Amino acid sequence: MTLDTSHGNTSPNPQQKLLTAINSTLAHIARGAPLAHTLTCIVNGIEAQNPDITAAILLLNEEGNRLHLGAAPNLAPDYRSAIDGLVTNAGVWTHQPSTNGVINITAGNNEASRFWRSFRELALQHGLSVCSTMQIRSAADCVLGIFVTYSRKTDRASDQHRPAIDNVATLASIAIERNINETRIKKAAHTLREAETR
């Protein structure tokens with residue numbers, strides 16, 4: 001007798017998708033994959049779990065005055081180019097309109113700074129609505145970058161995605177900090193070798 005499983009639902013649920021994404025990201029970090037690959041894995045994971053949003057990770061430079069593209073595999077190339085290198089300022093990162101670190105970028109959010117309102121307008125010019133951003137912070141509470149969610153349907157859909165955003169922001173922080181530390185170690189080793197050859 002053949003067992004009929006045609007009516008069974010074997011597709012992974014959102015929790016399973018999230019767990020798979022987390023495991024895949026941790027594997028990338030453990031084997032020292034390039035940062036861009038790891039961040040792309042994070043973005044792909046949350047988009048698979050939440051098909052109605054598109055996401056991006058932007059990295060803050062050492063001076064704290066520009067955002068550079070970390071990963072945004074499913075955003076249009078012209079928009080990726082537009083947000084890569086955006087000028088910002090320290091006041092953006094000290095402004096905390098909500099206790100959980102999420103800033104809802106909506107037309108009615110008067111707490112959002114001029115920078116975020118401009119950020120939203122730039123997205124709208126490319127047919128996107130910015131749902132929210134979350135700061136990616138280091139263990140020392142320094143801002144490393146931001147995680148941004150977009151939608152083509154509404155700019156008020158961020159609450160339902162907040163738990164997932166929390167998870168990916170933490171993963172991104174781990175990956176970015178590891179990359180920073182490895183870069184510093186390589187620079188220190190190079191400086192030491194140069195000093196020894198003098």
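Preceding this section is the structure that the text describes.
Here goes a summary of the coordinates provided. All of these numbers come straight from a predicted model, not from anything done at the bench.

**Considerations on the overall build of the protein chain**
Logical step 1: In terms of regular secondary structure, the protein chain is built from 6 helices and 6 strands.
Logical step 2: Nonlocal contacts in the protein chain, meaning residues at least 24 apart in sequence, comprise 60% of its contacts between residues at least 6 apart.
Logical step 3: About 11,300 Å² of surface is accessible on the protein chain, with carbon and sulfur atoms providing 52% of the total.

**Remarks on the pattern of salt bridges**
Logical step 1: Across all of its chains, the model carries 3 salt bridges by this definition.
Logical step 2: Between R120 and E121 there is a salt bridge, with the nearest N and O atoms lying 3.6 Å from each other.
Logical step 3: A relative accessible area of 40% places E121 in the partly exposed class.
Logical step 4: R137 is paired through a salt bridge with D141; the nearest N and O atoms lie 3.4 Å apart.
Logical step 5: With relative accessibility at 25%, the residue R137 sits in the partly exposed group.

**What to know about the environment of S151**
Logical step 1: Relative to the helices and strands, S151 resides in strand β6 (residues 143-151).
Logical step 2: Linking S151 and T54, residues 97 residues apart in sequence, is a C-alpha distance of 6.2 Å.
Logical step 3: Those residues within four positions of S151 in sequence are excluded, and the remaining contacts are D52, L128, S129 and C131.

**Side note on the packing of aromatic side chains**
Logical step 1: Tallying each qualifying case throughout the model produces 2 aromatic pairs.
Logical step 2: With 5.5 Å between their ring centres and 85° between their planes, Y79 and Y150 make a pair best called edge-to-face. One end of the pair, Y79, is in helix α3 (residues 77-83); the other, Y150, is in strand β6, and 71 residues separate them in sequence. Like Y150, Y79 is buried.

**A few points about helix α6 (residues 162-196)**
Logical step 1: Taking 1.5 Å per residue as the helical rise, α6 with its 35 residues ought to reach 51 Å, and the 51 Å between its terminal C-alpha atoms agrees with that figure.
Logical step 2: Regarding α6, the residues found buried are R162, A164, I165, V168, A169, L171, A172, S173, A175 and I176.

**Regarding the nonpolar core**
Logical step 1: Counting residues in hydrophobic clusters, the biggest one holds 23 residues, and the most contacted among them are L39, I46, I57, F147 and I176.
Logical step 2: Those elements that provide at least two residues to this core are α2 (35-49), β1 (54-60), β5 (129-137), β6 and α6.
Logical step 3: Counting residues per element, this core draws most heavily on α6, which supplies 8 residues.
Logical step 4: What I46 contacts, discounting residues up to four positions off in sequence, is I53, A55, F147, A164, I165 and V168.

**Notes on unusual backbone geometry**
Logical step 1: Positive phi is not limited to glycine here, since D141 has a value of about 70°.
Logical step 2: Locating D141 in the fold gives a position in the loop between β5 and β6.
Logical step 3: Taking relative accessible area as the criterion, D141 reaches 52% and is therefore assigned exposed.

**Things to note about the packing of α2 against α6**
Logical step 1: At a closest axis distance of 10 Å, the pairing of α2 and α6 adopts a crossing angle of 175°. In terms of axis orientation, α2 runs roughly antiparallel to α6. Of α6, the residues touching α2 (which contributes L35, T38, L39, I42, I46 and Q49) are A164, I165, V168, L171, A172, A175, I176 and N179.
Logical step 2: Taken together, the residues of the contact of α2 with α6 break down into 11 nonpolar, 3 polar and no charged.

**A look at helix α5 (residues 114-125)**
Logical step 1: Look at α5: 17 Å from first C-alpha to last across 12 residues, which is about the 16 Å you get at 1.5 Å a residue.
Logical step 2: Taken from the residues just after α5, G127 is the one with a positive phi, measuring 75°.

**Let's talk about the pairing of strand β2 (residues 66-71)**
Logical step 1: As judged from the 4 bridges shared by β1 and β2, these two strands associate in the antiparallel manner. Each bridged residue has a counterpart across the sheet, and for L60 the counterpart in β2 is L67.
Logical step 2: Hairpin geometry of β1 and β2 is characterised by an intervening segment of 5 residues between the two adjacent antiparallel strands and by a positive phi of about 75° at G64.
Logical step 3: The sheet contact formed by β2 and strand β3 (residues 86-87) spans 2 bridges and is antiparallel. Residue pairing for β3: R66 is matched across the bridge by V87.

Cut-offs applied
- Residues numbered from 1 in each chain as written.
- Predicted model: local features only at pLDDT ≥ 70, side-chain atom pairs only at ≥ 80, totals over all residues.
- Heavy atoms only, no water.
- Helix = DSSP H or I, 4+ residues; strand = E, 2+ residues; numbered from the N terminus.
- Contact = heavy atoms within 4.5 Å.
- Areas by Shrake-Rupley, 256 points an atom, 1.4 Å probe, with all protein chains shown as cover.
- Salt bridge = Lys/Arg side-chain N within 4 Å of Asp/Glu carboxyl O.
- Buried < 20%, exposed > 50% of the residue type's maximum accessible area, 1.4 Å probe, protein only.
- Phe/Tyr/Trp six-rings, centres within 6.5 Å; stacked < 30°, edge-to-face > 60°.
- Expected span 1.5 Å × (residues − 1).
- Core = buried A, V, L, I, M, F, W, Y, C linked by side-chain atoms within 4.5 Å.
- Axes fitted to C-alpha atoms, helices over the stretch in contact; angles between N-to-C directions.
- Parallel < 35°, antiparallel > 145°, perpendicular 65-115°, else oblique.
- Nonpolar A, V, L, I, M, F, W, Y, C, P; charged D, E, K, R; others polar.
- Pairing = 2+ DSSP bridges.

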